[in-house]
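Overview (structure and organization)
So the chains spell out like this:
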Amino acid sequence: MPAEPAAGPALVDVQGVTRRFGTFTAVDDASLVVHAGEIVGLLGANGAGKTTLIRMVLGLTPPTVGRILVFGEPPSRSGRRRLGYVPQSLGLYDDLSVRENLAFVAAVYGSPVPVPPDLADVADALVGTIGLGRQRRLAFAAALAHGPELLVLDEPTSGVDPLARTRLWDAVHEQAEAGVGVLVTTHYMSEAQQCDRLMLMSRGRCVATGSEADIVAGTTAVAVRTTRWQDAFVALDAAGLPVTLAGRAVRVAATPPDDVRAALLRAGLEAQVDQVRPTLEEAMTELDRVPA
Amino acid sequence: MRAMILKEFRELRRDRRTVAMLVVLPVLLLVVFGYAANFTIDSVATQVVGPGAEHAAAALPEPFDLQGTDPSAGADEAHRLLRDNEADVVVDTGTVPPTVYVDGSNLFVAQAAVAALGRLGDQVSTEVLFNPDLTTSWVMVPGLVGLILAFIGTIITSIGLVRERQTGTLEQLAVMPLRPSDVIVGKIAPYFILASLDMLVVTLLGVWIFDVPFVGNPVLFAAGAAGFLLVVLGFGVLISTASQTQGQAIQLAIMTLLPQILLSGFIFPLAAMPPGVRWIGYCLPLTYFIQLSQGIMLRGAGIDSLWPALVVLTGMAAVVFTAAVLRFRRDLAPARRRPHAHAPAPSGVAA
């Protein structure tokens, strides 16, 4: 099922990794490969295990079971010099200015970090006083400063307006084109198309991998067209089907068309029921039900 | 309203730190003010020297408690005994009338001794050494230096470390190509320097404003202060590794500071405490730092009499600081440990 790997060497190689916290299994038998020059997206709801998996790749949390190689060896200090990480919390010092934050990063990595032109006007402002979008921009600049070969981004666009989000993704693509491997988590399904490959996670398990098309391909969704769309929605919902409403279009995920027709008939509704290309959310609904 | 009260109790019950405060604080205060808070001295450690030592020793009135006699010794030995804290009072029978030397650096004992000697009238001549006017600030300032070191070392350090954890920057540091020792030293050294500067300023201000004497060896003083500082910095680091928020850190810090303030001899004299409570005092680092600072600043005592306090502080520093560094290191480099050993789950881990 996984798409053809990109041409570059494997930067991250996770095989059969499980992480338990007490009786809670945060990550269950996950495998993941990130090659140079590709963007791999970890998708899943909050609590799906994305951050724990990322923390294991970074060496911040040891796996309970399984093997993790970063640059061909277990996560190590020498490897850290070659990776850039932007945590969800950004890891910036609020009481230092933009310039001072970058100076600290520069001193740690031993390479100068100029203030990015789009942050020049706030170079001497305290980070805590600038907007979240610009803070993310700064964290991104700090992570890229030492020319990492692997970029790890945890929810890089959460809380960012659409324009800034587009700019951030442009910057990510720029890096990938330059040969940097990118591992990125997001819970926005709409950002999946930005990634070369996806890994869908749910309750710690990897439920699907591949491109968006690969993931959607094995799943079903139907569109219900009727003037009595409100009644149809109520009836299908009452029948326990995963029904969603997009405008006046009623859609049902993970259910064969005949089952939908039958449910509508029972409610005395007539409608046109067509199989359609599922959205990623709909695919997720179905994949989440089937044991991987 | 009942629901609100019930909810509050449920929350409190789960907050172990607050429960500890609710239990520990009243017990501590009860112990302190019930037993330890006693300014009344009923025993003054006394040595008698000079030709009439045996005779005078037999005639010692209350509250003087005979520790030993030395008929061959004179005024010099009397000074030495007090400087090295081997007695609170030394009677020299080589003069007429006998001279009674009192250690003024041990304020409450000295006050009790002077009052008792006053009742003897002209039978003796009294001389208070090291703090002739029995000035309170002379005795308080050396202790205050220790208290300030404890305050900065414990509260300020733990707050600074918890802030790093709370904002998620500690995680970022762990991912940077820094050695754990770089992070630990880089994080703790500023507080060590700040506390040292503060100590210097407070000591100098004490000397200038309150005319507190500094008759002893500054190097010995610095060595004792460094040992004490490592202990309290270690407390600060340990507290930070057990706290998720700055409020929790302050709560825990208060629980280490309060016993030190009350039971170290800083306020209430150790000599006036019952043995059980005094032993708590002997487990606290501030007790030893005060012995050192008062001994060095006021009496000019040297290493030959102060070494036990220095050894205890060094030992405490080694144990506490090592434990602190190991715990801190565990947060920075978890991958080095065996996979199953991971315990702390920083906020947001299971996302």
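That block above? That's the structure.
Since the model is a prediction, treat every value here as computed from it, not as a measurement. (Residues numbered from 1 in each chain as written. Chains lettered and ligands numbered in written order. Predicted model: local features only at pLDDT ≥ 70, side-chain atom pairs only at ≥ 80, totals over all residues. Heavy atoms only, no water.)

Every contact between the two is made by 32 residues of chain A and, on the other side, 23 residues of chain B. When chain A packs against chain B, close to 2,600 Å² is buried across both sides, 60% of that on carbon and sulfur atoms. The largest contributions to the chain A side of the interface with chain B come from Leu60, Arg77 and Arg80 of chain A, which together make up 22% of the buried area. Along the contact surface separating chain A from chain B lie 1 salt bridge. Taken together, the elements giving at least two residues each to the side of chain A that touches chain B come down to strand S1 (10-21), helix H1 (50-58), helix H2 (77-80), strand S5 (83-86) and helix H3 (98-109) of chain A. Take the side of chain A that touches chain B: its biggest share by element is 5 residues, from H1 of chain A. Split into classes, the residues belonging to the side of chain A that touches chain B amount to 17 nonpolar, 9 polar and 6 charged. (Contact = heavy atoms within 4.5 Å. Buried area = accessible area lost by both parts, 1.4 Å probe. Salt bridge = Lys/Arg side-chain N within 4 Å of Asp/Glu carboxyl O. Helix = DSSP H or I, 4+ residues; strand = E, 2+ residues; numbered from the N terminus. Nonpolar A, V, L, I, M, F, W, Y, C, P; charged D, E, K, R; others polar.)

What follows deals with the packing of helix H12 (residues 285-299) of chain B against helix H13 (residues 303-332) of chain B. Packed helix pairs are specified by the crossing angle of their axes together with the interaxial distance, meaning the distance between the axes. Residue and element names in this part refer to chain B. Two elements in contact, H12 and H13, have axes separated by 9 Å at closest approach and are oriented at 145 degrees. The crossing of H12 and H13 is left-handed. Contacts between H12 and H13 pair Pro285, Tyr288, Phe289, Gln291, Leu292, Gly295 and Ile296 from the former with Leu306, Ala309, Leu310, Val312, Leu313 and Met316 from the latter. Tallied by class, residues from the contact of H12 with H13 come to 11 nonpolar, 2 polar and no charged. (Axes fitted to C-alpha atoms, helices over the stretch in contact; angles between N-to-C directions. Left-handed = near helix turned anticlockwise from the far one by under 90°.)

Let's shift gears to the layout of surface pockets. The method is simple in principle: a probe with the dimensions of a water molecule rolls over the atoms, and the space it marks as empty is what remains. All names here are of chain B. A volume near 920 Å³ is recorded for the largest pocket. If you go around the largest pocket, you meet 40 residues; those closest to its centre are Asn85, Asn106, Leu270, Ala271 and Gln291. For the lining of the largest pocket, the elements supplying multiple residues, two or more each, are strand S1 (44-49), strand S2 (64-70), helix H5 (107-118), helix H6 (136-166), helix H11 (275-282), H12 and H13. No other element matches H12, which puts 7 residues into the lining of the largest pocket. There are two domains that each give the lining of the largest pocket at least three residues, and those are domain 1 (44-129) and domain 2 (136-336). (1 Å grid on protein atoms, 1.4 Å probe; cavity = no way out; pocket = protein on both sides within 12 Å on 5 of 7 lines; lining within 4 Å. Points joined across faces, edges and corners; volume = space filled by probe spheres on them. Domains from an automatic or database assignment.)

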